[in-house]
Structures are given as C-alpha cells and as structure tokens.
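Structural overview
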Amino acid sequence: MQAEQLKELVVGALEDVKAQDVSIIDVRGRTSVTDYMVLASGTSNRHVKSLADSVLSEAKDQGVRASNVEGANASDWILVDLGDVVVHVMMPATREFYDLERLWRDAPDLGVAGSE
C-alpha cells in the first residue's frame with residue numbers, strides 16, 4: 001500500500017471512531033523514518049485506546065502490519081508505527097505538553113483531516 005493510501009486509511013479509521021483535532025504532517029524529505037505523521041486526540045484514555053485499535057484493525061484488514069505500538073498500557077499517548085505513516089493518538093493535555101506540531105513546524109502541514 002502506498003503512503004498516500006495508508007494515510008487516508010488511517011484518517012478514515014480515526015474519523016470512524018470520532019477522533020478530535022486530526023492533523024497530518026508531511027515529513028518526507030525531513031526524516032527517513034516515515035513519510036507522514038498523523039496526530040489525533042481522544043476524549044478519555046478509553047477513547048485514545050479505541051482510536052489506536054481502530055487504526056490497527058483497519059490496517060490489518062488491508063494487509064498492513066504495524067511494526068510497533070507504544071504506550072497501549074498507559075493510553076494517554078499511543079504511537080502506532082505503520083512504516084510510511086506514524087500515528088500519534090493522545091489525550092489533549094499530553095498533546096499540548098509535547099506539542100509535536102511545533103516540533104515539526106517547518107514541515108508542510110497538510111491541515112486538519114476533512115478540510116482537504
């Protein structure tokens with residue numbers, strides 16, 4: 001699956017479970033680790049876990065295997081590494097504290113999901 005398709009699959013999976021503040025950051029040419037980072041917020045630890053599970057389930061259904069999942073036990077920040085797309089699902093306070101959007105502010109921001 002191409003990076004663009006995988007990004008769309010991830011965004012769809014997040015939107016299906018009512019993710020908040022979905023943001024896509026294009027990091028191609030800035031890191032060799034991934035092409036896109038998708039950030040989303042959940043309303044509770046349980047919601048954050050459900051969002052990550054939705055991404056994993058949709059990816060698995062399409063034959064994409066996550067190379068790593070971090071933070072599933074704590075559920076205030078879960079990282080799902082799908083290779084070309086890395087997904088960060090966080091509680092709003094955690095997202096504000098780490099402010100990954102600011103860290104990657106020089107990367108092209110593809111905006112909020114659904115606004116393209």
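Conventions we followed
Residues numbered from 1 in each chain as written. Predicted model: local features only at pLDDT ≥ 70, side-chain atom pairs only at ≥ 80, totals over all residues. Heavy atoms only, no water. UniProt positions renumbered as here; feature names shortened; annotations may be inferred. Salt bridge = Lys/Arg side-chain N within 4 Å of Asp/Glu carboxyl O. Helix = DSSP H or I, 4+ residues; strand = E, 2+ residues; numbered from the N terminus. Buried < 20%, exposed > 50% of the residue type's maximum accessible area, 1.4 Å probe, protein only. Expected span 1.5 Å × (residues − 1).

If you look the protein chain up in an unreviewed UniProt entry, it shows as Ribosomal silencing factor RsfS from Marinobacter vulgaris. Entered under Sequence similarities (unreviewed entry) in the UniProt record, the comment concerning the protein chain runs "Belongs to the Iojap/RsfS family."

**Comments concerning the pattern of salt bridges**
Opposite charge on two side chains allows them to pair when their charged atoms are near. Enumeration over the complete set of coordinates arrives at 6 salt bridges. With its nearest N and O atoms 3.3 Å apart, the salt bridge here joins Lys7 to Glu4. With Lys7 and Glu4 both in helix α1 (residues 3–16) and 3 residues apart, the pair spans about one turn of that helix. A relative accessible area of 3% places Lys7 in the buried class. Here Arg102 and Asp99 are joined by a salt bridge, their closest N and O atoms 3.5 Å apart.

**Overview of α1**
With 14 residues, α1 ought to run about 20 Å at 1.5 Å a step, and its terminal C-alpha atoms sit 20 Å apart, in line with that. Taken as a whole, α1 has its buried residues at Ala3, Leu6, Lys7, Leu9, Val10, Val11, Ala13 and Leu14. Backbone geometry just downstream of α1 places Lys18 in the positive-phi region, at approximately 65°.

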